[in-house]
Amino acid sequence: MFYPIAVFAPLAGALVSGLLGRAIGDKAAMGASVLGMVIAAICGPLACFQLTGGADPATFDLGTWIEAGRFHVAWALRYDTLSAVMVAMVSFVSMLIHVYSIGYLGHDPRPRYRFFGYLSLFSFAMLMLVTADNLAQLFFGWEGVGLCSYLLIGYWYDRPSACAAAIKAFIVNRIADLPFAVGLALIFFKFGSLEFPVIFPAVAQHTADTYELFGTTFPALEVIAFLLFIGAMGKSAQLGLHVWLPDAMEGPTPVSALIHAATMVTAGVFLMARMSPLMEYAPVALAFVTFIGASTALFAATIGCVQNDIKRVIAYSTCSQLGYMFAAAGVGVYQASMFHLITHAFFKALLFLSAGSVIHAMSDEQDMRKMGGLGRLIPVTCTVMWIGNLALAGIPPFAGYWSKDAIIAATYASGSGIGLYAFICTVLAAFLTAFYSWRLLFLTFHGQSRADHHVLEHAHESPWTMLGPLCVLAIGAVFAGWLLDNQFIGAGWQHFWNGTIYNGEHNHVIENLEHLPIWVDYAPLVLGLAGIALAYVMYIANPLLPVRLAEAFAPVYRFVLNKWYFDELYDFIFVQPAIRLARLFWQVGDVTIIDGVPNGLAELTTEGSREVVKIQTGSLAVYAFVMLIGVVVLVGIFMLSR
Amino acid sequence: MTAATNAAGFPILSLITWLPLVGCLVMMMVRGDEATVASNARWTALWTSLLVFVLSLVLWVRYDPSEAGFQFNEQVAWLPEYKVGYSMGVDGISILFVLLSTLLTPICILSAWEVIQTRVREFMMSFLILETMMVGMFAATDFVVFYVFFEGVLVPMYLIIGVWGGPRRVYSAIKFFLFTLTGSVLLLLALIAMWLQAGTTDIAVLLHTTFPAGMQNWLFLGMFASFAVKLPMWPVHTWLPDAHVEAPTAGSVILAGVLLKMGAYGFLRFSVPMLPEASAVFAPFMFTLSVVAVIYTSLVALAQEDMKKLIAYSSIAHMGVVTIGIFTFNVQGISGALFQMLSHGIVSAALFLVVGVIYDRIHTHEIARFGGLGDRMPSYALVFMVFMMATNGLPGTSGFVGEFLVMIGALQVNFWLALLGGMGMILGAAYMVYLYRRIIFGRITRDDLRHILDLSPREWAVFAPLIVLTLWMGIYPSSFSNYFDATVGAMVQQHAAALGGASKLAGILPAAGGITP
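Residues numbered from 1 in each chain as written. Chains lettered and ligands numbered in written order. Predicted model: local features only at pLDDT ≥ 70, side-chain atom pairs only at ≥ 80, totals over all residues. Heavy atoms only, no water.

(A) Representation of the overall build of chain B in the model. Helix and strand counts for chain B stand at 23 helices and two strands. Relative to the globule expectation of 24 Å for 517 residues, the C-alpha radius of gyration of chain B, 22 Å, shows essentially globular dimensions. When each of the 517 residues of chain B is scored for burial, the buried share is 67%. Sequence-distant contacts, at least 24 apart, represent 81% of the contacts inside chain B between residues at least 6 apart. Looking at chain B as shown, the accessible area adds up to about 16,500 Å², and 67% of this sits on carbon and sulfur atoms. Positive and negative side-chain charges in chain B, numbering 24 and 27 respectively, have mean positions lying 8 Å apart. (Helix = DSSP H or I, 4+ residues; strand = E, 2+ residues; numbered from the N terminus. Rg over C-alpha atoms; globule rule 2.2 N^0.38 Å. Buried < 20%, exposed > 50% of the residue type's maximum accessible area, 1.4 Å probe, protein only. Contact = heavy atoms within 4.5 Å. Areas by Shrake-Rupley, 256 points an atom, 1.4 Å probe, with all protein chains shown as cover. Lys, Arg positive; Asp, Glu negative; His and termini not counted. Charge placed at Lys NZ, Arg CZ, Asp CG, Glu CD.)

What follows is the structure in structure tokens.
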């Protein structure tokens, strides 16, 4: 019973707040929205504990959705470990962020009911996504979170940059959603259903199925897995389709924390785990998942090292951490990727919210070059941000240590070539992660202040509505890894997951995690400490060094600073040609060619009749004369032919 | 009048069809000064159309969805020696379009309440006559009767554009008339040929008449000429943007909402079931044109600077999805096409109303004249957002169901058909989101927008039923698709049987999950 309440309470909050907000006033709307979320945050974890405590998995049937011939999908909530864990996390983190937003938007001159309406609606869509019992409903949530993300990125709609970022996020996600939708259609074509309870048991019978594409025959499951993964790449901002995530930081910071760190962007990882019964039969697609994930982990980390906007550093860090999760999923240890998903939700939401607290204190300044030495002014924020970064960098016993190490170990344990590639990428990324995290800490909280003194005079610690959620998340960032390790990937994993995550017959990577060389366990930690040391040298001991390095390696620096020129490349090969093609089709295709024919015909008719009109002069003499000539000619012909 | 087996017990279809003309008569009888006539015309038109709508709900309630054939049949001898009769009836394919027509007419009349100030009576009469023609066309079960109504639609629409339209109304009206009429001549030829072959024009009989394969191809082309222009398909679509731009709001609404469905309805009613072999032969051709339409017109929409043109082009792209669905010949594809038609009937009509709201206030469709309306018009922004997302096919709105079913149907034919036909998902999002950004987002920079007013109660009354329908169709589509399930199922089976190929059957029968192409 708790479970459906957890899903629908946010919807009720969103409707009250969003639709009645103007009528009942800002405070009441905010109250309704937060209340809905609090109810969800009580019911969601309770439902999860019931399940782990031995309750039976179930399906809550809500009714028919779409029917056409043998195509049938229902509205239903799936109640199993994988869904319940996500529901617990999403509802809890979302509730904290709702509370935080009360304080964060305290100075915003606009009415806030719209913001809370969107935020609650997002939570509902996300909960529908994770509780879906079929792929169509999952797609409902998938698109719903995309819509809310678009609305929230563009929340400050009078800023051109926010509008541009919102549009970019929506369209890039749509580009990925099209293959995803085609993937669903292909699943229906092969399996005759989109319902999980029908698909999963049937996968084994379809391993020999083939599908013809590009004139070649592929295993059908591989094609499906590829199409689904492209959808996941868009939502989870993986290499190639990551371009929208950094720009999405134009939205208010609580949005970045909730949507672009803790929940929505992890939907792709969740999809991999949910579809594990199918993914496990698509080894090539899985290798591709590992490749993209590991590459993203490293690539995004390099960019994170040179960004100056505090939120963008964390955004690239998110991108990179999502790469870790995909790397783990790709080698078949979905348990580890889910583990990292949960711990990451805590510490990354914590990081974003503390960054928001910094920005709040600094009168909306986001450039770290204009900060420094803030640790004394805002000590609580500084402390929790240290905790978040310790977790992110994987320093024991903080949460990230448990889950990130498990992922790195899993890539090594897989023993495959692509696994080794992923191992190298993720270990290097661990070094860079620690480096940019402490670069952020040092630039923001330590050393000399570079801020404007007017700003510093107003710098103040945030109100308790903001610090409260920060402290709760900090507790999570400290203990989540240690508490959950045994259930998620340790000895108790089989009992805990209860079959909701499937590992193929020959997939023993998770068992092998315990028997790895000792150096594999310590490599990320050692490199992480080295990264911290390097950050100390560069930003505390010798603050002029970064400038000199940037000058010495100017081309490399510019390349990384400009995010590997992805935006420029896409603009050149996709956006500009599309615009030119649009104009060409319109002005040449429609106006000149297609309309040219009827307009030309009309012109021809007009011109022709104008000429013909000239014959009709109205002069009797001319008519008589013409008639006379006619008669002469006729008579002449008659005479001659006789 | 003799009404044969009829679930309602009286000739309800004829009543729905002809009642609007009674309203016209009432209007014509009123004498007095201009204001009295105008006010009387408005109220008479509204009450007549509402009465018709309520009557049409009888169809909704009394229709038996489990039955595939025509219901509420009426038969009156008209030209018995030629086997041409006045006969009416609805099946799963047509019933919802009758309802769509009767729903949109009062909405149009309400939307034109204050805007139309000249020749109000004539305007309202045109709309009621148009309603008669539309309902008659969907309810006709005789090809000749159908043809009369099908062409009859042109006249009131021509007047609505030509008399109450914008500055280039005459050019647009004539273009609209000539484009659609040219195609219809060939439809008439096909009709005569079919009558010569079958000896009757009764649609129910024609549906079970087998035409020789060679003849089918010619008949198909004749029908194609007419239906493709009406639809409109690329490359005979250019009359539509012009007609929309010049038409008054109410005219655009009915044009997008109902008139665009006539072509696709024609394909579904005549081409596919009566000419199964020709349809199969021409399917790749139809797919090609449809995919080109989706991509080409979506791109063109991206470049538009006029709101109405943009939405007109988006309509063409959406109708491309419909033709893809129809020619997949499987249940999902055809159901999806039908659903997409209904959804588009609601959503694009609503989008033209959305444009109308700000046109009434500022008197321009030019996108660049707007910006930042979100500040002044929050309710309007919300309504616009709902319909924008519906036209983008967001799950939970009506737009998704049709598009998704068509994609599922298309993939059973060909992977690339599904992928390229789905390009509207990306491009549609691009042009709509870009439009929304230019109208609603940003800051208000122009003085005349600083005091623009949000939706009035009358405008809310216009939008509310459309919003409810959009969400209802998105969340519980079965209450609509349930009406055509049986008819579509029978149609697909008949089509497969006519082709006789075992390979075609395999894709349609329920037990055939997991076959490889």
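Once the structure has been displayed, the description carries forward.
(B) Quick look at the overall build of chain A. For chain A, the count of helices and strands is 28 helices and four strands. Overall, chain A is about 120 × 65 × 60 Å in size when its C-alpha atoms are taken along their principal axes. Among the 642 residues that make up chain A, the fraction classed as buried is 60%. Look at the contacts in chain A between residues 6 or more apart in sequence, and 79% of them connect residues 24 or more apart. When the accessible surface of chain A is summed, it comes to about 24,100 Å², and 70% of that surface belongs to carbon and sulfur atoms. Side chains of chain A give 30 positive and 39 negative charges; the mean places of these two sets differ by 9 Å.

(C) Local environment of the pairing of strand S2 (residues 71-79) of chain A. Of all nine residues that make up S2 of chain A, eight are buried, and the element is covered over most of its length. Between the antiparallel neighbours strand S1 (residues 58-68) of chain A and S2 of chain A lie two residues, among them Gly69 of chain A with a positive phi of about 60 degrees. (Pairing = 2+ DSSP bridges.)

(D) How the structure looks around the environment of Tyr211 of chain A. Here Tyr211 of chain A is to be found in strand S3 (residues 210-213). A residue is classified by how much of its surface remains accessible, and Tyr211 of chain A, at 4% relative accessible area, is buried.

(E) The arrangement of the nonpolar core in detail. Formed by 442 residues in total, the largest nonpolar core has its most connected members in Tyr150 of chain A together with Phe384 of chain B. Ignoring any residue separated from it by four or fewer positions in sequence, one finds Phe384 of chain B in contact with Leu351, Val354, Met432, Leu435, Tyr436, Ile439 and Ile440 of chain B. (Core = buried A, V, L, I, M, F, W, Y, C linked by side-chain atoms within 4.5 Å.)

(F) Molecular detail of a nonpolar patch on the surface. Residues and elements named next belong to chain B. A surface patch of nonpolar side chains, about 550 Å² in accessible area, is lined by Val155, Tyr158, Leu159, Val163, Val170, Ile174 and Leu178. Secondary-structure elements contributing two or more residues to the nonpolar patch are helix H6 (154-164) and helix H7 (169-198). The topology assignment puts Ile174 in helix H7. Given a relative accessible area of 37%, Ile174 falls into the partly exposed group. (Patch = residues over 30% accessible without salt bridge, like charges linked within 9 Å, V, L, I, M, F, W, Y side chains within 5 Å. Salt bridge = Lys/Arg side-chain N within 4 Å of Asp/Glu carboxyl O.)

(G) Spotlight on the packing of helix H17 (residues 378-391) of chain B against helix H20 (residues 424-439) of chain B. Residues and elements named next belong to chain B. Contact geometry for H17 and H20: axes closest at 10 Å, N-to-C directions at 170 degrees. Accordingly, the angle class assigned to the pair H17 and H20 is roughly antiparallel. Contact residues: H17 offers Ala381, Phe384, Met385, Met388 and Thr391, while H20 offers Met432, Val433, Leu435, Tyr436 and Ile439. Residue classes in the contact of H17 with H20 are distributed as nine nonpolar, one polar and no charged. (Axes fitted to C-alpha atoms, helices over the stretch in contact; angles between N-to-C directions. Parallel < 35°, antiparallel > 145°, perpendicular 65-115°, else oblique. Nonpolar A, V, L, I, M, F, W, Y, C, P; charged D, E, K, R; others polar.)

(H) Representation of the interface of chain B and chain A in the model. The interface of chain B with chain A comprises 74 residues on the first partner and 58 residues on the second. Both sides of the chain B and chain A interface together cover about 5,700 Å² of buried area, and 70% of this is carbon and sulfur. Considering only the side of chain B, the residues that lose the most area to chain A are Leu411, Phe415 and Met425 of chain B, jointly responsible for 10% of the buried surface there. Linking chain B with chain A are four salt bridges, by the criterion used here. Looking at the side of chain B that touches chain A residue by residue, the classes come out as 46 nonpolar, 20 polar and eight charged. (Buried area = accessible area lost by both parts, 1.4 Å probe.)

(I) Broad picture of the state of the cysteines. Residues and elements named next belong to chain A. Within the structure shown, the criterion is met by zero disulfides over all chains. Cys48 carries a free sulfur, and the closest cysteine sulfur to it, the one in Cys43, is 13 Å from it. Judged by relative accessible area, Cys48 falls into the buried class, the value being 11%. Not part of a disulfide, Cys471 finds its nearest cysteine sulfur in Cys382, a span of 13 Å. (Disulfide = S-S within 2.5 Å.)

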